[in-house]
Amino acid sequence: MEYVKNLNKDLQGILSSIYDEILVLDAKGVLLRYSGNLIKDFWEIDKEQLIGLNLMELEHEGTFFSAIVKMVIERRKKVSVTQESRSGKNVLAVGNPIFDEAGRLERIVIALRDITETVMLKEELLQAKKMSEKYKKELEHLRDQKRYAKSRQLIYASDKIEKVMKYIQKIANTSSTVLLTGESGVGKEVFARTIYELGPRSSKPFVKVNCGAIPETLLESELFGYERGAFTGAHSNGKPGYFRMANKGIIFLDEIAELPLNLQVKLLRVLQEREIIPIGGSEVVEVDVQIIAATNKNLEKMVEEGTFREDLYYRLNVIPVAIPPLRERPEDIPLLALHFLHTFNEKYGRSTQLSQDALDVLESYAWPGNVRELQNIIERIVVTADDDLIEACHITPLLKKGKRQYMQQRIHKIIPLKKATRAVEEQLIKMAMDEYKTTSMAAKVLGVSQSTVSRKFQEIQEKMSRGEQIGRNI
């Protein structure tokens with residue numbers, strides 16, 4: 001008896017020293033004993049009142065918040081559940097079945113641990129991870145923007161250019177041949193230099209060759225070089241040619257569609273074999289270059305017409321990159337305009353500014369000459385303007401007539417309804433007259449009388465004339 005008493009004291013001491021709260025139940029779920037460490041605010045009644053009661057019967061009353069007892073009896077194995085009490089306590093309950101020698105369930109021991117702080121810390125850690133991922137993405141975006149900016153000040157805000165830049169970042173680490181396509185003036189050279197700056201060849205030469213600017217008789221010698229005495233007038237020491245100059249680096253072949261058919265064969269050999277034979281030479285020279293070609297023409301159509309080799313086209317078109325025209329990304333126009341304005345203000349010592357109306361005019365224009373045309377317009381305004389503030393009436397005369405892209409009227413501030421209605425009315429009349437040319441046809445499509453269109457169109461022309469007169473004065 002004394003041994004049993006001492007053993008019971010030891011057991012109680014062990015239970016009271018354990019961090020967890022321990023419950024001992026019989027095989028039916030009746031609470032027999034518990035440890036001295038209680039989880040504060042978890043039990044709604046005094047546990048001394050629960051001794052001798054079946055905890056499963058109290059479950060439906062909400063006194064015992066977990067079905068763990070029932071789960072241990074049914075499954076006959078260790079079970080873990082997490083329970084949140086009405087007071088907001090989070091408790092981890094681990095139920096362990098104890099069997100006798102015959103394999104019958106004899107006792108259920110449940111360990112309860114307060115994990116409220118752990119759950120809170122876990123939530124805080126999860127939120128911290130989310131914020132960390134968010135900041136990481138923002139930093140990566142800023143880093144990418146900074147990397148992009150290394151190459152000729154790429155300025156953009158549109159999703160279309162963002163997609164192009166992400167694609168370029170993927171391909172920049174390869175040495176595959178790239179074909180840049182897009183209208184004249186979209187900035188294909190800027191994107192070619194971006195590929196160069198982001199790639200592993202950035203410390204090596206970048207050689208640009210405009211295939212349309214070099215006379216056909218000189219193009220072969222310029223590209224592939226020549227040996228000493230190869231022809232009359234040749235340099236006494238020969239010439240290495242652009243391909244050898246670009247060795248280990250990148251050669252940018254702009255206006256590749258202008259390359260003559262006889263040279264297309266030689267270029268195909270370079271792409272296939274990575275070797276050239278200089279004019280007047282007999283030995284093959286190996287070259288390690290990445291080729292980036294660019295064109296504003298439809299090479300597929302040229303292949304069909306027989307003016308461009310099909311095999312060369314497919315060799316060039318390994319990684320195609322299409323640069324969207326400026327009219328398809330109007331959100332880039334204000335950023336580019338302000339960038340060019342800042343550049344030319346510094347260059348010419350001016351402090352010219354663009355009004356919001358002037359930016360709206362620039363944004364609504366179709367820009368057939370793309371970024372190059374926008375750059376030229378801004379330079380012309382900075383050089384010729386008398387006033388520091390440039391208004392819409394100063395820009396309108398500089399834009400090509402009949403080339404405007406009439407877009408949805410933009411309202412940046414609250415204005416009188418009559419003024420807004422008049423602006424939309426003028427826009428519609430100009431669109432109708434540009435398309436149908438006569439007041440009778442314009443009146444028919446607009447659903448008004450010819451006299452109304454004639455009168456209003458005359459007022460619009462007078463207004464535009466006053467703007468042109470102001471434009472001549474700047």
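Residues numbered from 1 in each chain as written. Predicted model: local features only at pLDDT ≥ 70, side-chain atom pairs only at ≥ 80, totals over all residues. Heavy atoms only, no water.

Attention shifts here to the overall build of the protein chain. For the protein chain, the helix and strand inventory stands at 18 helices and 14 strands. Within the protein chain, the fraction of its 474 residues that count as buried is 40%. Of the contacts formed within the protein chain by residues at least 6 apart in sequence, a portion of 63% connects residues at least 24 apart. When the accessible area of the protein chain is evaluated, it comes to approximately 27300 Å², of which 50% is carbon and sulfur surface. (Helix = DSSP H or I, 4+ residues; strand = E, 2+ residues; numbered from the N terminus. Buried < 20%, exposed > 50% of the residue type's maximum accessible area, 1.4 Å probe, protein only. Contact = heavy atoms within 4.5 Å. Areas by Shrake-Rupley, 256 points an atom, 1.4 Å probe, with all protein chains shown as cover.)

Attention shifts here to the layout of surface pockets. In this structure, the second largest pocket occupies an estimated 730 Å³ of space. Among the secondary structure elements, those contributing two or more residues to the lining of the second largest pocket are α6 (188-198), β8 (250-254), α12 (332-348) and α14 (370-384). Top element by residues in the lining of the second largest pocket is α12. It accounts for five residues. Here the lining of the second largest pocket is composed, by residue class, of twelve nonpolar, ten polar and eight charged. (1 Å grid on protein atoms, 1.4 Å probe; cavity = no way out; pocket = protein on both sides within 12 Å on 5 of 7 lines; lining within 4 Å. Points joined across faces, edges and corners; volume = space filled by probe spheres on them. Nonpolar A, V, L, I, M, F, W, Y, C, P; charged D, E, K, R; others polar.)

Following the criterion strictly, the structure yields one cavity of 30 Å³ or more and no others. Taken together, Leu223, Phe224, Phe243, Leu253, Leu259, Leu263 and Leu267 make up the lining of the largest cavity. Looking at the lining of the largest cavity, the elements with two or more residues in it are α7 (216-224) and α9 (261-273). Across the lining of the largest cavity, the residue classes break down as seven nonpolar, no polar and no charged.

Attention now goes to the packing of aromatic side chains. Tallied over the entire structure, the rule returns six aromatic pairs. With 5.5 Å between their ring centres and 0° between their planes, Phe224 and Phe243 make a pair best called stacked. Here the residue Phe224 occupies a position in helix α7, and Phe243 occupies one in helix α8 (residues 242-245), the gap between them amounting to 19 residues. Taken together, the aromatic side chains of Tyr196, Phe206 and Phe252 make up a single cluster linked through ring pairs. (Phe/Tyr/Trp six-rings, centres within 6.5 Å; stacked < 30°, edge-to-face > 60°.)

Together, Val424, Leu428, Met431, Tyr436, Met441, Val445, Leu446 and Val448 give the surface a local cluster of nonpolar side chains, amounting to about 590 Å² of exposed area. Elements represented by at least two residues in the nonpolar patch include exactly α16 (417-436) and α17 (439-446). The element that contributes the greatest number of residues to the nonpolar patch is α16, accounting for four residues. Within the secondary structure layout, Val445 lies in helix α17. Residue classification places Val445 among the partly exposed residues on the basis of a relative accessible area of 43%. (Patch = residues over 30% accessible without salt bridge, like charges linked within 9 Å, V, L, I, M, F, W, Y side chains within 5 Å. Salt bridge = Lys/Arg side-chain N within 4 Å of Asp/Glu carboxyl O.)

All right, on to helix α13 (residues 356-364) then. Within α13 the residues assigned to the buried category are Ala358, Leu359, Asp360, Val361, Leu362 and Glu363. Turning to α13, the residues buried within the fold contact α12, β13 (353-354), α14, β14 (389-390) and α15 (392-395).

Moving on, we come to unusual backbone geometry. Phi at Arg76 is positive, roughly 60°, even though this residue is not glycine. Looking at the secondary structure, you find Arg76 in the loop between α3 (68-75) and β3 (79-84). Residue Arg76 is classed as partly exposed on the basis of its relative accessible area, which comes to 41%. The phi angle at Asn370 is positive, at roughly 60°, despite the residue not being glycine. Its place among the elements puts Asn370 in helix α14.

Take the environment of Ala392 next. Tracing the chain through its elements places Ala392 in helix α15. For Ala392, a relative accessible area of 17% puts it in the buried group. The spacing of Ala392 and Leu359 is 33 residues in sequence and 7.6 Å in space, taken between C-alpha atoms. When residues no more than four places from it in sequence are discounted, the contact partners of Ala392 are Ser355, Asp357, Ala358 and Val361.

Residues Phe243, Ile256 and Ile291 are the most contacted members of the largest nonpolar core, which totals 33 residues. When residues of this core are traced back to their parent elements, those giving at least two are β7 (206-210), α7, α8, β8, α9, β11 (290-295), α10 (299-305) and α11 (310-316). Element by element, the count of residues in this core is highest for α9, at five residues. With sequence-adjacent residues up to four places away left out, Ile291 is seen in contact with Ser176, Thr177, Val178, Phe243, Ile251, Leu253, Leu267, Val270, Leu271, Arg274 and Leu316. Ile333, Ala337, Phe344 and Leu374 belong to the second largest nonpolar core, which has 25 residues in total. (Core = buried A, V, L, I, M, F, W, Y, C linked by side-chain atoms within 4.5 Å.)

With that settled, the discussion passes to the confidence of the model for the protein chain. Overall, the predicted model of the protein chain reaches an average pLDDT of 82, with 82% of residues at or above 70. Note on residues 470-474: pLDDT is under 50 here. Beyond four places in sequence and across chains, it has eight contacts. (pLDDT = per-residue confidence, 0-100.)

Below, the discussion takes up the sheet that holds strand β1 (residues 21-26). As summarised here, the arrangement of the five strands in space is β2-β1-β5-β4-β3, forming an open sheet in which the pairing is antiparallel. Whereas interior strands pair on both sides, the edge strands pair on one side only; in this sheet they are β2 (31-34) and β3. Direction aside, neighbouring strands of the sheet carry axes that sit 25° apart on average. (Pairing = 2+ DSSP bridges. Axes fitted to C-alpha atoms, helices over the stretch in contact; angles between N-to-C directions.)

Hydrogen bonds along the backbone pair up the strands of a sheet, which may run parallel or antiparallel. Sheet architecture is open: five strands sit in the order β7-β8-β11-β6-β12, paired in parallel fashion. Since the sheet does not close on itself, it has two edges, and those belong to β7 and β12 (319-322), each with one partner. Each strand axis lies, on average, 20° off the axis of its neighbour in the sheet, ignoring direction.

In this section: the pattern of salt bridges. The tally for this structure, following the rule as stated, stands at 15 salt bridges. Residue Glu183 pairs with Arg327 through a salt bridge whose shortest N-O separation is 2.4 Å. You can see Glu183 sitting in the loop between β6 (178-181) and α6 and its partner Arg327 sitting in the loop between β12 and α12, a full 144 residues away along the chain. The residue Arg309 makes a salt bridge to Asp311 at a minimum N-O spacing of 2.7 Å. Sharing partners across several salt bridges, the network here consists of Glu189, Arg193 and Lys208.

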